[in-house]
Amino acid sequence: MRARAESIVVLTGAGISAESGIKTFRAADGLWENHPIDDVATPEGFERNPQLVYEFYNQRRQQLLSDHVKPNSAHSYLAKFEHEFPGKFLLVTQNVDNLHERAGSENLVHMHGELLKMHCLNSQLIFDIAEDFNFDTECRCCRSPGNLRPHIVWFGEMPLQMNKINQALESCDVFVAIGTSGNVYPASGFYQTAKIRRAHTVELNPESTSSGFDEHIAGNASEIVPKYFETLLPVY
Ligand code: BV8
């Protein structure tokens, strides 16, 4: 049982969306829809074969928008908790799906970008997108084709809003990692940053990915997220 928390940072990974029917990164053994990561999730891959990369993200976007993919009870509980918790709360996700927003989360950072966004390589303007797009799609800023790419952080690229994330990590007293294997840097180091500032660090995951966490609670997110976060709410 923990002392009352004043400031909480939560990091989620592909595991929190697993029960919504979205394949995790690891379960595909480093392959996504049978493509080597280098071919579909790096700037070099996009340079080599842009059409393959457009198709890869178009397919994942359509899967995300299909009727059977919905937020699960872990997403919903986190959104409810954010609105009930009296202290500071930041949700950082490595996921590029929109399930946290659809569940009602607001103070949310997509550090690896978003499937439902694209950006122009010339203007860097970001646009919402729900349909397929590719090299021939005109951007609304340049009014010409060939400038748009998925608004996704690929391997070798700088994750988004790192200053905001680090500030929150340096001032939180509880850090909770949910459904992440800790394979991808810099997200995999967040719990260490929080620990330096004496935060209590907890991992919610069927597997224990590192002995560095103060606490590991085994289970599926839909079961253990409500149980654990309830202990962080003040008892009036
Ligand atoms: C950067 C967008 C510089 C793409 C993604 C050598 C050593 C260390 C690091 C590196 C290295 N070589 C290169 C690097 C850096 C590299 C990296 O970490 N590579 C790894 C592979 C070694 N990182 C980068 O390039 C990053 N940029 O470093 O810039 C920098 C940074 C900071 C400051 C200065 C400079 C950029 C990385 C971003 C890559 N893009 N996504 C896309 O999605 O198409 S990452 C991609 O991987 C996804 O976002 C995904 O989230 C992530 C995988 O991680 P997880 O989310 O953890 O998913 P995974 O499947 O692995 O695990 C699922 C977990 O869920 C499991 O533990 C499982 O047990 C659990 N689970 C399953 N079911 C459930 C569950 N949990 C709860 N409930 C369940 N039901």
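Residues numbered from 1 in each chain as written. Predicted model: local features only at pLDDT ≥ 70, side-chain atom pairs only at ≥ 80, totals over all residues. Heavy atoms only, no water.

How would you sum up the overall build of the protein? Please name residues and give values.
Across its full length, the protein holds 9 helices and 11 strands. If you take every contact in the protein between residues at least 6 apart in sequence, the share linking residues at least 24 apart comes to 64%. For the protein, the accessible surface area stands at approximately 11,300 Å², while carbon and sulfur atoms represent 50% of it. (Helix = DSSP H or I, 4+ residues; strand = E, 2+ residues; numbered from the N terminus. Contact = heavy atoms within 4.5 Å. Areas by Shrake-Rupley, 256 points an atom, 1.4 Å probe, with all protein chains shown as cover.)

Explain the site of the ligand to me, and be specific about the residues and the numbers.
The environment of the ligand is made up of 35 residues, and the closest members are Arg26, Arg60, Gly156, Ser181 and Glu207. Tyrosine 57 places a side-chain nitrogen or oxygen 2.8 Å from an oxygen atom of the ligand. Within the side chain of serine 181, one N or O atom sits 2.6 Å away from an oxygen atom of the ligand. Computed on the free molecule, the ligand has an accessible area of 1,500 Å², of which 75% lies beneath the protein chains in the complex. When atoms are counted within 2 Å of each cavity's grid points, the one that captures over half of the ligand is the largest pocket. Elements represented by at least two residues in the shell around the ligand include exactly α1 (15–18) and α4 (50–64). (Near = heavy atom within 4 Å. Polar contact = N/O pair within 3.5 Å; in protein donor to acceptor, adjacent residues only side chain to side chain. 1 Å grid on protein atoms, 1.4 Å probe; cavity = no way out; pocket = protein on both sides within 12 Å on 5 of 7 lines; lining within 4 Å. Sits in = over half its atoms within 2 Å of the grid points.)

Can you break down the pattern of salt bridges residue by residue, with the values?
Scanning all chains against the criterion turns up 6 salt bridges. The partner of glutamate 84 in a salt bridge is lysine 80, and the shortest N-O contact between them spans 3.4 Å. Of this pair, glutamate 84 and lysine 80 both sit in helix α5 (residues 73–84), 4 residues apart, which is roughly one turn of that helix. Of the residues examined, lysine 80 reaches a relative accessible area of 41% and is grouped as partly exposed. Note that glutamate 157 and arginine 149 form a salt bridge whose closest N and O atoms lie 2.8 Å from each other. The buried category is assigned to arginine 149, whose relative accessible area is 7%. (Salt bridge = Lys/Arg side-chain N within 4 Å of Asp/Glu carboxyl O. Buried < 20%, exposed > 50% of the residue type's maximum accessible area, 1.4 Å probe, protein only.)

Describe the layout of surface pockets, naming the residues involved and giving the relevant values.
Its volume calculated, the largest pocket comes out at about 980 Å³. Taken together, 49 residues line the largest pocket, and the ones lying closest to its centre are Gly13, Ala14, Phe25, Trp32 and Asn95. The leading source of residues in the lining of the largest pocket is α4, at 4 residues. The residue inventory of the lining of the largest pocket, partitioned by class, reads 24 nonpolar, 17 polar and 8 charged. (Points joined across faces, edges and corners; volume = space filled by probe spheres on them. Nonpolar A, V, L, I, M, F, W, Y, C, P; charged D, E, K, R; others polar.)

If you had to explain the environment of phenylalanine 229 to someone new, which residues and values would you point to?
Its place among the elements puts phenylalanine 229 in helix α9 (residues 221–230). Separated by 130 residues in the primary sequence, phenylalanine 229 and leucine 99 have C-alpha atoms spaced 19 Å apart. Contact partners of phenylalanine 229, with chain neighbours within four places excluded, come to Val10, Tyr77, Leu78, Phe81, Phe89, Val176, Ile178 and Leu204.

Please provide a residue-by-residue account of the side chain of threonine 180, values included.
Within the secondary structure, threonine 180 is located in the loop between β9 (174–178) and α8 (190–196). Relative accessible area serves as the criterion here: at 11%, threonine 180 is assigned to the buried category. A distance of 2.8 Å separates polar atoms of two side chains, one belonging to threonine 180 and the other to glutamine 94.

Give me the pairing of strand β1 (residues 7–12): which residues, what numbers.
Counted residue by residue, β1 has 6 buried out of 6 residues, so it is predominantly covered. Burial of the side chains of β1 extends over both faces: Ser7, Val9 and Leu11 are buried on one face and Ile8, Val10 and Thr12 on the other. Bridge count for β1 against strand β4 (residues 88–93) is 6 bridges, and the pairing is parallel. Within β4, the position partnered with valine 10 by the bridge is leucine 91. In this structure, β1 lies alongside β9, joined through 5 bridges in parallel fashion. Pairing of valine 10 across the sheet is with valine 176, part of β9. (Pairing = 2+ DSSP bridges.)

On their own, these measurements won't tell you what the molecule is for.
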